[in-house]
Structures are given as C-alpha cells and as structure tokens.
Amino acid sequence: MLLKSIHIEGFGPYHEAQTVQFGAEQIIGIYGPNGSGKTFLLEAALACLYESFPSRKGTIYSHLGSPKGTIEVSFELDGQGYRAMRTVQSKPQKQEAHLYCDNQLIAGPKTTEFAAEIEKLLGPAGSALACIFSAQDSAGDMINLSPSERKELLASWLGLEACSRLAQGAADKSKHHNMRLEDIDAHIKAMEKEELRMPEYVAALKEKEEQLKENAQTTCETNKQLQALYQEKAGIEEAVRRIKELRSRLEALSREREELKNSYTRTSNRLEELEKIIRQKAEIESKARKHTEIVQEITATSDVMQKLQKEYQAYQGTKSRLEEKIHATTKNIAVLKSRLDSCRKQASTIQEVHCSRRDCKFLTEAWKAKDAITIISQKLTEEEQRLAHETLQLKNLGQPPAIEPVLSKMKQMQTAAKELEAYVRLAAQLEAAEKNKQHLAEELDRFIIKGREKAAEIEKISASLKEHAKVTETSALIEKQVSLLEERSRKLSAASLAMSQELGEIKARIQATLKIQQEIAMQKERRGKITTEISEYEAIARIYGKNGVQPLIIDAATPELEALTRQFLTSICQKNFDVSFMTQRETNKGKALRETLDIIITDLATGQKRDIANFSGGEKVLLSQAIRMAMSVFQAQKSRKPWQTFFLDESLGELDEVNAENFLRAVADLTTWFRRILYISHTPNLTLQAQKQVKVENGTLSHTAALN
Ligand SMILES: Nc1ncnc2c1ncn2[C@@H]1O[C@H](COP(=O)(O)OP(=O)(O)OP(=O)(O)O)[C@@H](O)[C@H]1O
Ligand SMILES: [Mg+2]
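Just so we're clear, the structure is a prediction, and the values are computed from it rather than from any experiment. (Residues numbered from 1 in each chain as written. Chains lettered and ligands numbered in written order. Predicted model: local features only at pLDDT ≥ 70, side-chain atom pairs only at ≥ 80, totals over all residues. Heavy atoms only, no water.)

Examining a nonpolar patch on the surface
A surface patch of nonpolar side chains, about 310 Å² in accessible area, is lined by Leu 166, Ile 540, Ile 543 and Tyr 544. At 3 residues, helix H10 (residues 475–544) tops the list of elements feeding residues into the nonpolar patch. Summarising the element assignment, Ile 540 is placed in helix H10. Ile 540 gets classed as partly exposed once you look at its relative accessible area, which sits at 30%. (Patch = residues over 30% accessible without salt bridge, like charges linked within 9 Å, V, L, I, M, F, W, Y side chains within 5 Å. Areas by Shrake-Rupley, 256 points an atom, 1.4 Å probe, with all protein chains shown as cover. Salt bridge = Lys/Arg side-chain N within 4 Å of Asp/Glu carboxyl O. Helix = DSSP H or I, 4+ residues; strand = E, 2+ residues; numbered from the N terminus. Buried < 20%, exposed > 50% of the residue type's maximum accessible area, 1.4 Å probe, protein only.)

Set out below in structure tokens:
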C-alpha cells in the first residue's frame, strides 16, 4: 500500500479541512511545535482505514474536534488507485465509511462492510500497526508485546494461521467424530441389548410353531367329525322334506277321497231318484194321460169361452149405445121443454098486451116465440116418441150371456192340469231314467274302486311317514352335536389365528433383530473407519498445531530475522550489539518448554547478554528501532500484499545528533523495501533531510511542493 494523500477535517486541532498530497518523493518529514497536530495527521491515515488512532485511547468519536469530522486517504495497491473516506458525527454518534477503487464504490457506507474489505486488502489492524507504525509512545510496537503475543504475530507474518486453521479444523473434526463415536457406541449398546433377546425369540418361535401344528391336527379331526354329522344332518333334512311332501300328498288324498265320497253319495241319490221314478211308472203314465185329457178339455172350453166372450162384448156394446142414445134424447127433451117454456112465456106477452098486430115492433120477439112454439112442440113430440122406442129396445135387449160357470170350470181344469204337470215331466224323464240307471250303477262301481285305491295309498303313505319320523327322532341330538363341534371348530380357528398373529410378531421381531445384527456390524465397521479418521485428524492437529510444525517454521525464520536486525543495528548504532530471538524457554517447573519469542541483546564489547530494559534511553531507542525496522522489512518480504508506506512518530527524541543522523540514514535505507516513509521530528535539520517537508501549526498544514 502506497499512501498518496491525507485529508483531515474536524479531528483534534484540525477544525478546518487540511490536505497533504504525496508525489514521487519517498521520505516525507513532518515537523512543527508541540501540540500542533503532527501525531493527529500521521495517525489520521490509519484511523481512516482502521477506525482508531493507534497512540490514543477511546473511540474515534472522542477524537472529534468539531461536531463532524472527515478523514480521507488515497493509496495505490497492486497498480490500482483506492480512495477511503470516513465521516464521523458526534451527536448522535454516527459513522459512514466508503471505499472506492478507481472511483467505483466497492464497500460502504456500512462501516462493517468497509472494515471487511480493508482487512481483505491490507490485512488486520494489529499486524499492520505492529510492522509499519512506530508511535511516539511506542504503542503498537512489537517490542512492547508479551513474548507469546510476539510469537503469535511472527507466526501470522509467516502465514502460520493457515496451519493453525488446519490444525483447528482437524481438531474440530476429531471432536465432532468423537461425538459421533459416542452416539454410535450408545446406539450399538442399545442394539446389542436388543440382540441379546434373539435366543428368547427363537425359542418362542419354536414353541408357537408346535402349538400351531397341534391345533391344526385337532382342527382336522373336528372337521372330519363335523363333516360326518353334516351328512347325517342332510339325511334328516331330506327325511323332513319327504315327510312334508308325504303329508301334503296325504292331505290331497284325503280331499280326493272326500270328494269321491260326495260324488258317490250324489250319484247313489240320483240313482235312488231314478229308481223311484221307474217304480211309479204306471201312476205317472196314468196321471200324464189324465193331464192330456184335461188339457184337451181346457182347449174345448176355451173355444166356448171365446164365443161367449164375443157375445157378451156385443151385448154390452148394444146396451151402452142404447143407454147413450136414451141419455141424449132425454137431454134433447129437457132442452126442448125448456125452450118451449121460454117461448110460451114470451108469447104470453101478446095476450097480455091484447095486441094482435104482427108488425108491432114491440112484439117482434113475442111473435117469433109464438111461431116457434109449434115447431118446438112438434120436435118435442118426435123426441118423446124416440125415447119411448129406445127405452123399449133396451128393455127388449134382455139379460147378458152367462159366462161365470164356464170361467169357474176353466179354472178348476187349469188347477188340475197344473197339479198333473209334474207327472208329465216325470213321464218325459222315464225313458232317460231307465237309460241312466245302468250308467250310474257303473259309475258307483268305479267310485268304489277309486276309493279303495286312495285308501291303499293313504295307508302306504302313513307307513312311510312313520318310517321317516323315526329318522327325524335323532335330529335334536345331531343338532346339539353339530353346534358343539362348530363351537369347538370356531374356538380352534380363533386360537389358530391368534397363534398365527403371535407367530408373525415373533418372526417380525426375529427379522428386526437380524436387521439389528446387520446394523451392529455396519455400525462397528463405521466406528472403525471413524476411529481411523479420528487418529488421522488428531495427527494433523498435532502436526499443524502450535507444538507441531509451527515452532519449526518459526525457528527456521528466526535466523533471517536476526540477520536483518543485525544489519539495521550495524547501520544505526556505533556500538556493536548482537541480537538473538529465542523461541522456547524452560518453564519454572523445569522440564517443560514454553513457546515464547524472547529478544536477547548481547553487548559485543562486553559479551553481556542483557534485557533491552537495561540499556540507556538512547540505546533503547536505537535497539528497538533497529528491531522494528528489521521486523517491518521481514514482514514486508513475507507478505503477499506488503505495506509500502512506513510511519515513524518522534522516534529520534532521545538520540544524540550523531545517532539521530545515523538513524535517519538507516531510515533512508528502508526505501529498499518501502516506497514511502513518513516521519515526525521536532528538529528542522533532521526534517530537511526528507525529500518533502510538511509543516504543522495549530491544525494547519504547509508543505513543500510535491516532487513529481
Ligand atoms: N481528543 C482530542 N480532541 C481534541 N484535541 C486533542 C485531542 N487529543 C489531543 N488533542 C490536542 O490536539 C493537539 C495536537 O496533538 P498532537 O498529539 O497531534 O500534537 P503533536 O503535534 O504531535 O505534539 P507533540 O510534538 O507534543 O507530540 C494537542 O494540543 C492535543 O492536546
Ligand atoms: Mg506527537
């Protein structure tokens, strides 16, 4: 990393923005009075990158000289230009940091993101400060670190973190594998406990199989018995069915026999009737003949009756006509008499008025009436004669013909004929009866034969019924036996099923145990592999750990570090000193060795080995600066991304002028490894040896022009 510029504002005494740029010059001297802000300026570059001022305590907020501060640095790394900018605000406390690469933002504004990117580019703050920054108060100096911290720092320069990571990774793996091993052991133990039950399962399997076999035999026997009983039962059922059939046949036969009896009775009654008719033959024929005679008589009487009836009707007709005429004539007579009376009354007027004039208009009607009297009187006489004639005619008509005696005789004959009608019918049946008599007699014989047949069949069926009934007598017993055997068979089946299930369970358990045995074998094999892996990981952790290859690498590097330190000691010290780095020290308890990095200084003039604390102030400065430079160079050589800028703050304070100049020459030599060196000095002469001078006064900067 080659620093190109520093810009500061709002921190320490820098209330106004101040910027210093660097060009091609390699050595830059910074000078100014006490408290002017030199340390602030130098440390600002590191505060910008790592968020803290190396020689100052407290957070970055506590170094703000104004409410808000900004530090910006630009630098070159691997041919690329970077710009880092940090802004800090006190109330409320807030920070942002941006990192640009060739003007492209690559991290920020989050400070965590920025810090991660800076560490990736320039390494962690601790190792950077330890090798490139020599503070006024020696803060961050490797010499001030404890021996074990020094050793760790040296290890990190040598890239031994990779070994540590490898060792740690292997240790972690080993630990993880050990945990797995514990799990596997617990698993195997549990499985082995289960596996121990295998003989128990095998014995149970054998026992269950025996039981099942016995059960199967018993079931077989029971089923045979049951089959025999079923056959018997079927015979009984057949008998029952046959009984039913026979009974229904018996009933049919009884009905048929009953019908035959009825038919026989009817036929014999009919025969009896016919015989009765035949026995009455003479009487029937005589009465039938009598009937014929009466019928003939009735016919004759009926002719007489008809004639008499006609005569009677004629008599009645004449009588009623005469009576009608008499009535009419009587009526006419009455009318004529009335009219005659009326005319006589009117005609009497003529006599009363004593007028015989026919033309008297008052007597016209009377005259008319007088004239009518004669005519009416004549007509009346005619009518009275007619009435007398008609009355005589009626009288001469006499009595009507006598019809009643004939009618009575007729009725008597009809009654007699009716009474004899039955004999006529019987007479008509006589011939048929004689014919039927034979037929009915034959039919009766047939009925008797049929009846006998039915009776014989009934007898046979009854006998058969008795036989079948005997078969069914054992039915109840057989039923009971069947139900007992069936119950037994059911129980046997249930027991067999239960046993089969149990057998299945036992087999499943055996199967599971066999699997467990396989699993145990597998787990044991796995365990073996893991154990091998653990020992391999443990070996790796041992080899790459702090007690393995690492001390060897450090030991191998220390001669190089010692040589570099000697080189710087020779150039900056007039006195001859030698330095050696001890990487191991015996512990107080004796035998055990402790990892350390002791810096042992030997005064070559006296041959004394002394601790650095036991040298003069100036000597201490020289010695520590020589070691610091050697280490910086060593680190720069080892690092893949070396810092190319070196910072020194008031390192010359306690040196005499000669030593100071020697020291500055040695600093100049550093340009072999560093492209830029920034140093602070109170002595303007010493600053003048730099290629660029920066003057600091009350937080303001003035500097010589940059060399390009
Ligand atoms: N946190 C701070 N905030 C503001 N000012 C501070 C803070 N810390 C120190 N100062 C002051 O800032 C001024 C500059 O300090 P700095 O250490 O940069 O001085 P210097 O130039 O290096 O002096 P010296 O030659 O004595 O080392 C001093 O007056 C100091 O007291
Ligand atoms: Mg200072």
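Re the domain arrangement of the protein chain
One can read the domain layout of the protein chain as domain 1 (1–123 + 641–708), domain 2 (147–159 + 547–639), domain 3 (170–196 + 490–544) and domain 4 (282–401). A C-alpha centroid distance of 190 Å is found between domain 1 and domain 4. (Domains from an automatic or database assignment.)

Points about the packing of aromatic side chains
Enumeration according to the criterion identifies 5 aromatic pairs in this entry. With a centroid separation of 5.8 Å and an interplanar angle of 50°, the aromatic rings of Phe 11 and Phe 53 are classed as tilted. One end of the pair, Phe 11, is in the loop between strand E1 (2–9) and strand E2 (18–21); the other, Phe 53, is in the loop between helix H1 (38–50) and strand E4 (68–77), with 42 residues separating them in the sequence. Phe 53 carries the same exposure label as Phe 11, and that label is buried. By the ring-pair criterion, three or more aromatic residues cluster together here, those being Phe 11, Phe 40 and Phe 53. The ring centre of Tyr 100 lies 4.5 Å from the NZ or CZ of Arg 83, which sits over that ring. (Phe/Tyr/Trp six-rings, centres within 6.5 Å; stacked < 30°, edge-to-face > 60°. Lys NZ or Arg CZ within 6 Å of the ring centre and 35° of its normal.)

Thoughts on the sheet that holds E1
Across the sheet, 6 strands lie side by side as E2-E1-E4-E5-E6-E7; this open sheet has antiparallel pairing. Looking at strand neighbours, the two that pair on one side only are E2 and strand E7 (104–107), the edges of this open sheet. Ignoring strand direction, the axes of neighbouring strands in this sheet form an average angle of 20°. With 3 bridges joining them, strand E6 (residues 94–101) and E7 adopt antiparallel strand pairing. Bridging across to E7, Cys 101 finds its partner in Gln 104. Its contacts with the sheet put H1 on E1, E2, E4 and strand E5 (80–89), and the angle it makes with E4 is roughly 80°. In the packing of helix H2 (residues 111–122) onto the sheet, contacts are made with E4, E5, E6 and E7, and the angle to E6 comes to roughly 40°. (Pairing = 2+ DSSP bridges. Axes fitted to C-alpha atoms, helices over the stretch in contact; angles between N-to-C directions. Contact = heavy atoms within 4.5 Å.)

Quick look at the environment of Arg 628
You can see Arg 628 is positioned in helix H12 (residues 617–638). On the basis of relative accessible area, Arg 628 is assigned to the buried category, the value being 2%. Taking the C-alpha atoms as reference, Arg 628 lies 9.4 Å from Phe 568; in sequence the two are 60 residues apart.

So, H1
With 13 residues, H1 ought to run about 18 Å at 1.5 Å a step, and its terminal C-alpha atoms sit 19 Å apart, in line with that. Of all the bends in H1, the greatest, near 40°, is centred on Ala 44. Two residues or fewer after H1 comes Glu 51, characterised by a positive phi angle close to 70°. (Expected span 1.5 Å × (residues − 1). Bend = angle between axes of the 7 residues up to and from the residue.)

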